[in-house]
Amino acid sequence: MGLIRTATEQDATAVQALLAQLGYQHPLDAVVELLKRSEKDDNSLCLLAFDGDRPVGLMSLLFFFYFPAAALQCRITALVTDEHCRGQGVGKALLQKAQELAKGRGCKALELTTSLSRTQAQAWYEAQGMSRTSYRYCISL
């Protein structure tokens, strides 16, 4: 596993392909807009992991003040390793990068949510030292 860097508009095709592996089908122009928005927002970050010059992983982060805990937190809003590169340490490297960035910003916790159907991902998160602490409820608007 090589470089991990901030994704830019020029990475839109790679970001689109990795998001599709998570089940998020966005047109390319929408992905470009997502990347532009993330670049402008100091509390949002989209990272790509590379094997040589090939993007093999994506992670997006959101930094926010969590009122009940009176503390800054970091939420991983997307984490995916290319299906052809799983089991090679890409996800682990991205997770370590998230921890490093969160600590550097003074965050007291790193969290993520995942679909109830992603049982393999849940097992992997727990193997990385994460623990299930809550349920997430949602109403689509």
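- Naming follows an unreviewed UniProt entry, where the protein chain appears as GNAT family N-acetyltransferase of Shewanella sedimentimangrovi.

A short note on the overall build of the protein chain
And then number 1: When you go through the protein chain residue by residue, the secondary structure sums to four helices and five strands.
And then number 2: The helix and strand sequence of the protein chain, counted from the amino end, reads β-α-α-β-β-β-α-β-α.
And then number 3: Radius of gyration (C-alpha) of the protein chain: 15 Å, near the 14 Å computed for a compact globule of 141 residues.
And then number 4: Dimensions of the protein chain along its principal axes, counting C-alpha atoms only, are 40 × 35 × 35 Å.
And then number 5: The long-range fraction of contacts in the protein chain, counting pairs at least 24 apart against all pairs at least 6 apart in sequence, stands at 55%.
And then number 6: Of the charged side chains in the protein chain, 15 are positive and 14 negative, and the gap between their average positions amounts to 7 Å.

Re the side chain of glutamine 73
And then number 1: Of note, glutamine 73 is situated in strand β4 (residues 71-81).
And then number 2: Residue classification places glutamine 73 among the buried positions, given a relative accessible area of 8%.
And then number 3: With sequence-adjacent residues up to four places away left out, glutamine 73 is seen in contact with Leu62, Phe63, Phe64, Tyr66, Cys107, Ala109 and Glu111.

Some words on the pairing of strand β3 (residues 54-66)
And then number 1: Direction of pairing for strand β2 (residues 44-51) relative to β3: antiparallel, over a ladder of eight bridges. Paired with leucine 45 across the bridge in β3 is leucine 61.
And then number 2: Where β2 hands over to β3, the hairpin turn is made up of two residues, of which glycine 52 adopts a positive phi near 70 degrees.
And then number 3: Summarising the sheet, β3 and β4 pair through ten bridges and their orientation is antiparallel. If you follow leucine 62 over to β4, its bridge partner there is arginine 75.
And then number 4: The loop that links β3 with its antiparallel partner β4 comprises four residues; one of these, alanine 70, has a positive phi angle of about 50 degrees.

As for the UniProt feature "domain: N-acetyltransferase" (unreviewed entry) in the protein chain
And then number 1: Mapped onto this numbering, the UniProt entry gives "domain: N-acetyltransferase" (unreviewed entry) at residues 2-141.
And then number 2: What you have in residues 2-141 is 34% helix and 28% strand, and the ends, taken at the C-alpha atoms, are 40 Å apart.

Observations concerning the packing of aromatic side chains
And then number 1: Within the structure shown, the criterion is met by two aromatic pairs.
And then number 2: For the ring pair phenylalanine 64 and tyrosine 66, a centre distance of 6.4 Å and an interplane angle of 90 degrees mean the geometry is edge-to-face.
And then number 3: A relative accessible area of 19% places phenylalanine 64 in the buried class.
And then number 4: Judged by relative accessible area, which is 36%, tyrosine 66 ranks as partly exposed.
And then number 5: Ring plane angle 70 degrees and centroid distance 5.7 Å describe the contact between tryptophan 124 and tyrosine 125, whose orientation is recorded as edge-to-face.
And then number 6: Positioned above the aromatic ring of phenylalanine 63 is the side chain of arginine 105, whose terminal nitrogen or guanidinium carbon lies 3.8 Å from the ring centre.

Structural notes on the environment of glutamine 21
And then number 1: Along the polypeptide, glutamine 21 turns up in helix α1 (residues 12-21).
And then number 2: As for glutamine 21 and cysteine 74, which are separated by 53 residues in sequence, their C-alpha atoms are 23 Å apart.
And then number 3: For glutamine 21, the contacting residues outside a window of four places in its chain are Val80, Thr81, Asp82, Glu83 and Arg86.
And then number 4: Of note is the side chain of glutamine 21, whose polar atom sits 2.7 Å from the backbone nitrogen of glutamate 83.
And then number 5: At 3.3 Å, the side chain of glutamine 21 forms a polar contact with the side chain of arginine 86.

Criteria and cut-off values
Residues numbered from 1 in each chain as written. Predicted model: local features only at pLDDT ≥ 70, side-chain atom pairs only at ≥ 80, totals over all residues. Heavy atoms only, no water. Helix = DSSP H or I, 4+ residues; strand = E, 2+ residues; numbered from the N terminus. Rg over C-alpha atoms; globule rule 2.2 N^0.38 Å. Contact = heavy atoms within 4.5 Å. Lys, Arg positive; Asp, Glu negative; His and termini not counted. Charge placed at Lys NZ, Arg CZ, Asp CG, Glu CD. Buried < 20%, exposed > 50% of the residue type's maximum accessible area, 1.4 Å probe, protein only. Pairing = 2+ DSSP bridges. UniProt positions renumbered as here; feature names shortened; annotations may be inferred. Phe/Tyr/Trp six-rings, centres within 6.5 Å; stacked < 30°, edge-to-face > 60°. Lys NZ or Arg CZ within 6 Å of the ring centre and 35° of its normal. Polar contact = N/O pair within 3.5 Å; in protein donor to acceptor, adjacent residues only side chain to side chain.

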